[in-house]
Amino acid sequence: MDKIMAQLEGLVAHYDELQEMMADPEVINDTKRYMEISKEASDLHDVVEKYQKYKADKKEIKDNNEIISSESDSDLVDMAKEENSSLEQEIVDLEDEIKILMLPKDPNDDKDIIMEIRGAAGGDEASLFAGDLLRMYEKYAERQNWQVSIVDSEPTEVGGYKRVAIMITGDKVYSKLKYENGAHRVQRIPVTESQGRVHTSTATVAVMPEYEQVDFELDPKDIRVDVYRASGAGGQHINKTSSAVRMTHLPTGIVVAMQDQRSQQQNREKAMQILTSRVYDYYESENRDQYDEKRKNAVGTGDRSERIRTYNYPQNRVTDHRIGLTLNKLDRIMNGELDEVIDALILYNQTKQLEELADQNG
């Protein structure tokens with residue numbers, strides 16, 4: 001903890017410096033710089049506030065100890081001892097909170113995401129489950145006040161999805177949904193099953209941070225653009241004009257289709273934004289093999305055995321196999337009440353990081 005406290009003194013000094021810079025007229029007039037400084041100050045605010053409270057509590061304990069050692073009034077001494085007992089517990093809690101706030105942050109945590117859901121093993125039932133997962137994430141996003149738009153989809157005749165890609169925008173989306181990467185397994189009686197037997201199927205989820213600002217522009221010569229009529233689930237036309245747009249980045253083969261917006265121009269803009277993000281993500285890897293391996297690691301193959309979570313309908317049970325968490329509230333989770341699962345995954349990850357930090361300092 002001593003090393004962390006030494007770091008905190010430097011952070012407080014930097015935070016004060018940022019506050020001064022934000023009051024500088026030159027910085028105020030430079031919107032981009034002001035936003036960058038404001039963001040950095042905002043990121044430091046919580047840990048600085050906790051540390052200042054920690055120091056104030058320490059000082060109060062010291063003052064109370066002086067009263068305890070020098071005061072003859074027993075009531076005052078008892079009051080000081082009682083206050084110290086409460087403050088000491090508060091300090092323990094603050095130390096834990098500060099340690100977590102000082103853990104290295106994932107640089108993508110603040111980013112919006114593109115999520116791809118695919119029906120995997122299990123045919124029609126897998127595609128139906130992919131649709132169920134889509135609705136679960138849409139409802140969770142609604143609870144978080146995030147925005148969801150479908151950017152690409154391949155519906156199936158039974159009402160599910162062979163694959164569907166969505167963009168989710170809002171506050172710290174990636175920080176919460178990055179743990180959803182992997183194969184999700186469902187155990188239930190399919191609507192098509194006349195014998196009432198429980199079947200097992202899987203759908204895969206991939207979560208990719210969206211890169212809003214990148215250091216390169218796509219060459220228009222490398223992009224093939226196709227326009228077509230937007231259609232709803234099952235293929236029925238919902239638009240008599242060719243407003244849907246499909247963009248293919250020829251060097252990488254990455255495809256983005258967009259039909260969610262009202263006009264072709266809006267679909268073009270959104271498709272280009274997503275295509276830029278995907279191509280940038282592709283070039284972030286050193287070569288195609290690494291890219292494919294990263295995607296494979298993120299998604300898994302969709303095989304039933306490569307699972308991160310099981311959704312058991314007959315027993316109304318959800319189990320996250322990575323952390324051994326089992327909850328008998330599948331109905332609520334499928335209705336978007338994912339907080340308990342996601343909070344447990346975040347806590348597990350933080351605990352692992354703290355253990356690693358303790359080993360390094362030990």
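Note that the structure is predicted; figures quoted are calculated from it, not measured.

Peer 1: Quick question: what am I supposed to make of the overall build of the protein here?
Peer 2: Tallying secondary structure elements over the protein gives ten helices and eleven strands in all. Scored against the burial criterion, the 362 residues of the protein give a buried share of 39%. Carbon and sulfur atoms form 45% of the exposed surface of the protein, whose accessible area is close to 20,400 Å².

Peer 1: Sorry if this is basic, but what is going on with the pairing of strand S2 (residues 147-155) here?
Peer 2: Two faces belong to every sheet, and in a regular strand the side chains alternate between them. Looking at chain direction, S2 and strand S3 (residues 161-169) are connected through eight bridges and run antiparallel. By the bridge assignment for S3, glutamine 147 is matched with threonine 169. Joining the antiparallel neighbours S2 and S3 is a turn of five residues, in which glycine 159 adopts a positive phi near 100°.

Peer 1: Teacher, can you tell me more about the sheet that holds strand S7 (residues 244-249) here?
Peer 2: A sheet is described by the order of its strands in space; here three strands give the open sequence S6-S7-S8, paired in antiparallel fashion. The open sheet has two edge strands, strand S6 (223-228) and strand S8 (254-258), and neither has a second partner. Each strand of the sheet is rotated relative to its neighbour by a mean of 15°, with strand direction disregarded. Pairing of S6 with S7, which is carried by six bridges, proceeds in the antiparallel orientation. Its bridge partner lying in S7, arginine 224 is registered against threonine 248.

Peer 1: It is not clear to me how the environment of leucine 177 should be interpreted in this structure. Could you clarify?
Peer 2: When you line up the elements, leucine 177 lands in helix H6 (residues 173-177). The exposure class assigned to leucine 177 is buried, which follows from its relative accessible area of 1%. In this structure the C-alpha to C-alpha distance between leucine 177 and isoleucine 342, which are 165 residues apart in sequence, comes to 7.8 Å. Contacts of leucine 177, omitting those with residues within four sequence positions, involve Ile113, Met115, Tyr137, Tyr140, Trp146, Ile168, Val207 and Ile342.

Peer 1: Could you clarify how one ought to interpret the sheet that holds strand S4 (residues 182-188) in this entry?
Peer 2: The strands that make up a sheet pair up through hydrogen bonds in the backbone, lying either parallel or antiparallel. Reading across from one edge, S2-S3-S1-S5-S4-S9-S10-S11 is the order of the eight strands in this open sheet, with mixed pairing throughout. Whereas interior strands pair on both sides, the edge strands pair on one side only; in this sheet they are S2 and strand S11 (325-327). Between one strand and the next, the sheet's axes are offset by a mean angle of 15°, whatever the strand orientation. Alignment of strand S1 (residues 113-119) against S3, held across six bridges, turns out to be antiparallel.

Peer 1: Sorry if this is basic, but what is going on with the packing of aromatic side chains here?
Peer 2: Counted according to the given criterion, the structure contains three aromatic pairs. When the ring of tyrosine 51 is compared with that of tyrosine 54, the centres are 6.3 Å apart and the planes differ by 20°; the resulting orientation is stacked. Of this pair, tyrosine 51 and tyrosine 54 both sit in helix H3 (residues 31-70), separated by three residues, roughly a single helical turn. Across the pair, exposure class does not vary: tyrosine 51 and tyrosine 54 are buried alike. Ring centres 5.6 Å apart and planes at 85° place the aromatic pair tyrosine 140 and tryptophan 146 in the edge-to-face group.

Peer 1: So what exactly am I meant to see when it comes to the packing of H3 against helix H4 (residues 74-101) here?
Peer 2: Where H3 contacts H4, the two axes come as close as 9 Å, and the packing angle between them is 155°. One element, H3, and the other, H4, form an angle in the roughly antiparallel class. As for how H3 packs across H4, the hand of that crossing is left-handed. Among the residues making up the contact of H3 with H4, the classes are represented as 14 nonpolar, three polar and twelve charged.

Peer 1: Can you walk me through the nonpolar core in this structure?
Peer 2: Burial of nonpolar side chains together is a common tendency in soluble globular proteins. Judged by nonpolar contacts, the single largest core of 35 residues is most densely connected at Met115, Ile117, Leu133, Tyr137, Leu177 and Tyr311. Contributions of two or more residues to this core are made by S1, helix H5 (123-143), S3, H6, strand S5 (199-209), S11, helix H9 (330-333) and helix H10 (339-361). Excluding residues within four positions of it along the chain, tyrosine 311 makes contact with Phe129, Leu133, Met136, His184, Arg185, Val186, Gln187, Arg317, Val318, Leu330 and Met334. Formed by 20 residues, the second largest nonpolar core is a distinct cluster that contains Ile4, Leu8, Ala41 and Ile98.

Conventions used here
- Residues numbered from 1 in each chain as written.
- Predicted model: local features only at pLDDT ≥ 70, side-chain atom pairs only at ≥ 80, totals over all residues.
- Heavy atoms only, no water.
- Helix = DSSP H or I, 4+ residues; strand = E, 2+ residues; numbered from the N terminus.
- Buried < 20%, exposed > 50% of the residue type's maximum accessible area, 1.4 Å probe, protein only.
- Areas by Shrake-Rupley, 256 points an atom, 1.4 Å probe, with all protein chains shown as cover.
- Pairing = 2+ DSSP bridges.
- Axes fitted to C-alpha atoms, helices over the stretch in contact; angles between N-to-C directions.
- Contact = heavy atoms within 4.5 Å.
- Phe/Tyr/Trp six-rings, centres within 6.5 Å; stacked < 30°, edge-to-face > 60°.
- Parallel < 35°, antiparallel > 145°, perpendicular 65-115°, else oblique.
- Left-handed = near helix turned anticlockwise from the far one by under 90°.
- Nonpolar A, V, L, I, M, F, W, Y, C, P; charged D, E, K, R; others polar.
- Core = buried A, V, L, I, M, F, W, Y, C linked by side-chain atoms within 4.5 Å.

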